[in-house]
Amino acid sequence: MRRILITGGAGFIGSNFVLHMRSAHPEDRIIVLDKLTYAGNLDNLKSLSNDPNYRFIRGDIGDFNLLEDIFTGEDIDIVVNFAAESHVDRSILGPKAFIETNILGTFALLEAARKSWLKDGKAPEDKKFLHVSTDEVYGSLGETGFFVETTPYSPNSPYAASKASSDHLVRAYHHTYGLPVLTTNCSNNYGPFQFPEKLIPLMIINALKGKPLPVYGDGKNVRDWLYVGDHCTAIDTVLSKGRPGETYNVGGRNEWKNIDIVSLVCDIIDEKAAGDKKLAGSYPFNGKRKSLIEFVKDRPGHDRRYAIDCGRIERELGWSPKFTFEKGIRDTVEWYINNRPWWEGIISGEYLEYYKLQYSR
Ligand code: NAD
Ligand code: DAU
């Protein structure tokens, strides 16, 4: 039995990963540490509430004393660090929380692991610290080319800079202290439980409700989209087969211009509504939902293009994405249609305030 500490496990990718691990490795003990910021949602994990091999702890990854108690009390073997402030627009409006959680929080976690695991100078074989990072640390690409693991870091937003900083700390703890670390740098994820401030869920919900679809700039920025379930299997694979000290790029080989994704979401919803009277009745709309698209002021410092070369994890560890975008995006639209109470709870609260603020800038 492995004792796995999953930080940020109540967020989008973290909760998908917890559910994946529970079904793929039922023998493992899972401890979720999450501060439950606006982005954390315990509803995502409610199916585990009676599981004796699962424990939820509300707390901050920056809290040294709490971390020491968890490492000692639970005898942690593996850390998977998802906990972060994750939204680029929020980092532009207020970078402080990004510095606190993404940099100082990761530092505290590394210190807790170092103190607990390196008592005799060398970590036991079964210990692993996997840091979940992003392709945004590499900066922006032109029309051609891909990010590889050796691409120099060139972060452009406060979010990307804070993640780059945490990646460097993780690397340094391996180089200096021999902490058994692994880092994954992944492209844009989509799928169930994604907070509706991010492009795809925001567009699905607004298109359903007949609200404006705000596309930044000319809409031609490119992102490489990966279904969240594929990201979870990539992390699971790196945990079991990855080489300590190594970094692995994870991506979908699936580049899309933002405007094309938004148009596709509109078409899928129009098509579903045309064939489903109940859906059309719940979300009445005349005409094509594409007419809701509005080009708005661009995001400051908006990176033009991200594209991941995930050749290393494919060749060395045998992972590859399993979901086609065609299936993943349809399943995702379907998930938001079927889980209206999940997102209605969210958009009626604090998120609305943020939304107003963002569009008044
Ligand atoms: P999210 O915002 O949905 O979830 C973040 C979670 O971390 C939330 O549950 C939140 O409550 C928790 N959290 C925040 N601050 C905390 C703190 N100080 N202590 C403990 N918990 C805290 O984020 P996500 O999209 O699921 O991203 C998860 C990780 O994956 C992040 O590290 C992000 O940088 C990385 N990542 C995300 C994507 C993506 O497309 N979403 C792609 C690549 C990498
Ligand atoms: O690349 C990985 C990163 O992907 C992760 O590290 C981040 O945590 C995650 O949030 C995501 O960052 P992006 O900035 O790429 O995601 P977002 O969904 O915010 O935006 C995707 C693209 O869509 C981006 O080019 C900006 C654009 N956009 C976004 C929103 C919210 C719009 O045009 N309109 C919008 O309303």
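Here the structure is shown first, and the text comes after it.
Residues numbered from 1 in each chain as written. Chains lettered and ligands numbered in written order. Predicted model: local features only at pLDDT ≥ 70, side-chain atom pairs only at ≥ 80, totals over all residues. Heavy atoms only, no water.

**Student:** What's the story with the site of ligand 2 in this structure? I'm lost.
**Tutor:** Ligand 2 sits among 25 residues. The nearest are Thr134, Asp135, Tyr159, Arg299 and His302. Taking asparagine 188, its side chain carries an N or O atom lying 2.8 Å from an oxygen atom of ligand 2. Taking histidine 302, its side chain carries an N or O atom lying 2.7 Å from an oxygen atom of ligand 2. For ligand 2, the accessible surface in isolation is 690 Å², of which the surrounding protein chains cover 94%. Sorting the residues of the shell around ligand 2 by element identifies α6 (199-209) and β8 (213-216) as the ones contributing at least two each. (Near = heavy atom within 4 Å. Polar contact = N/O pair within 3.5 Å; in protein donor to acceptor, adjacent residues only side chain to side chain. Areas by Shrake-Rupley, 256 points an atom, 1.4 Å probe, with all protein chains shown as cover. Helix = DSSP H or I, 4+ residues; strand = E, 2+ residues; numbered from the N terminus.)

**Student:** How should the site of ligand 1 be read in this particular structure?
**Tutor:** Lining the immediate surroundings of ligand 1 are 28 residues, of which Ile13, Asp34, Ser86, Tyr159 and Lys163 lie closest. Phenylalanine 12 is positioned with one of its backbone polar atoms (N or O) 3.0 Å from an oxygen atom of ligand 1. Contacts to ligand 1 include threonine 101, whose side-chain N or O atom sits 3.0 Å from a nitrogen atom. Contact with the protein chains hides 97% of the accessible area of ligand 1, taken as 840 Å² for the molecule alone. Mapped by element, the contributors of at least two residues to the shell around ligand 1 are α1 (12-24), β5 (128-134), α5 (158-177) and β7 (188-190). If one sorts the elements of the shell around ligand 1 by residue count, β5 sits on top with three residues. For the shell around ligand 1, a count of residues per class yields twelve nonpolar, twelve polar and four charged. (Nonpolar A, V, L, I, M, F, W, Y, C, P; charged D, E, K, R; others polar.)

**Student:** How should the side chain of glutamate 246 be read in this particular structure?
**Tutor:** Following the sequence through the fold, glutamate 246 ends up in the loop between α7 (228-241) and β10 (247-250). For glutamate 246, the residues in contact, after removing those within four places along its chain, are Val181, Leu182, Thr183 and Arg312. (Contact = heavy atoms within 4.5 Å.)

**Student:** Whenever I open this one, the layout of surface pockets confuses me. Can you help?
**Tutor:** Any empty space left between the atoms is revealed when a probe the size of a water molecule rolls over them. In this structure, the largest pocket occupies an estimated 370 Å³ of space. Taken together, 19 residues line the largest pocket, and the ones lying closest to its centre are Glu149, Tyr153, Arg171, Gly245 and Thr247. When contributions to the lining of the largest pocket are tallied by element, the ones reaching two or more residues are α5 and β6 (181-186). For the lining of the largest pocket, the leading source of residues is α5, giving five residues. Its residues assigned to classes, the lining of the largest pocket shows five nonpolar, nine polar and five charged. (1 Å grid on protein atoms, 1.4 Å probe; cavity = no way out; pocket = protein on both sides within 12 Å on 5 of 7 lines; lining within 4 Å. Points joined across faces, edges and corners; volume = space filled by probe spheres on them.)

**Student:** Honestly, the pattern of salt bridges in this entry has me stumped. Any pointers?
**Tutor:** Close approach of charged atoms allows side chains with opposite charge to pair. Applying the stated criterion across every chain yields a total of 26 salt bridges. Where glutamate 334 meets lysine 272, a salt bridge forms, and the shortest distance between an N and an O atom there is 2.3 Å. Residue glutamate 334 is located in helix α11 (residues 325-338), and its partner lysine 272 is located in helix α8 (residues 258-274); the two are separated by 62 residues in the primary sequence. Members of the salt-bridge network, linked through shared partners, are Arg3, Asp75, Asp77 and Lys127. (Salt bridge = Lys/Arg side-chain N within 4 Å of Asp/Glu carboxyl O.)

**Student:** Would you mind going over the nonpolar core with me for this structure?
**Tutor:** Considering soluble globular proteins, one finds that nonpolar side chains tend to be buried as a cluster. Counting 81 residues, the largest nonpolar core has Phe17, Val80 and Ile313 as its most contacted members. Here the element with the most residues in this core is α8; it accounts for eight residues. With residues up to four places along the chain from it excluded, the contact list for valine 80 reads Ile4, Leu5, Ile6, Thr7, Phe17, Leu130, Val132, Ile235 and Leu239. In this structure, Leu5, Ile31, Leu110 and Ala113 belong to the second largest nonpolar core, which totals 25 residues. (Core = buried A, V, L, I, M, F, W, Y, C linked by side-chain atoms within 4.5 Å. Buried < 20%, exposed > 50% of the residue type's maximum accessible area, 1.4 Å probe, protein only.)

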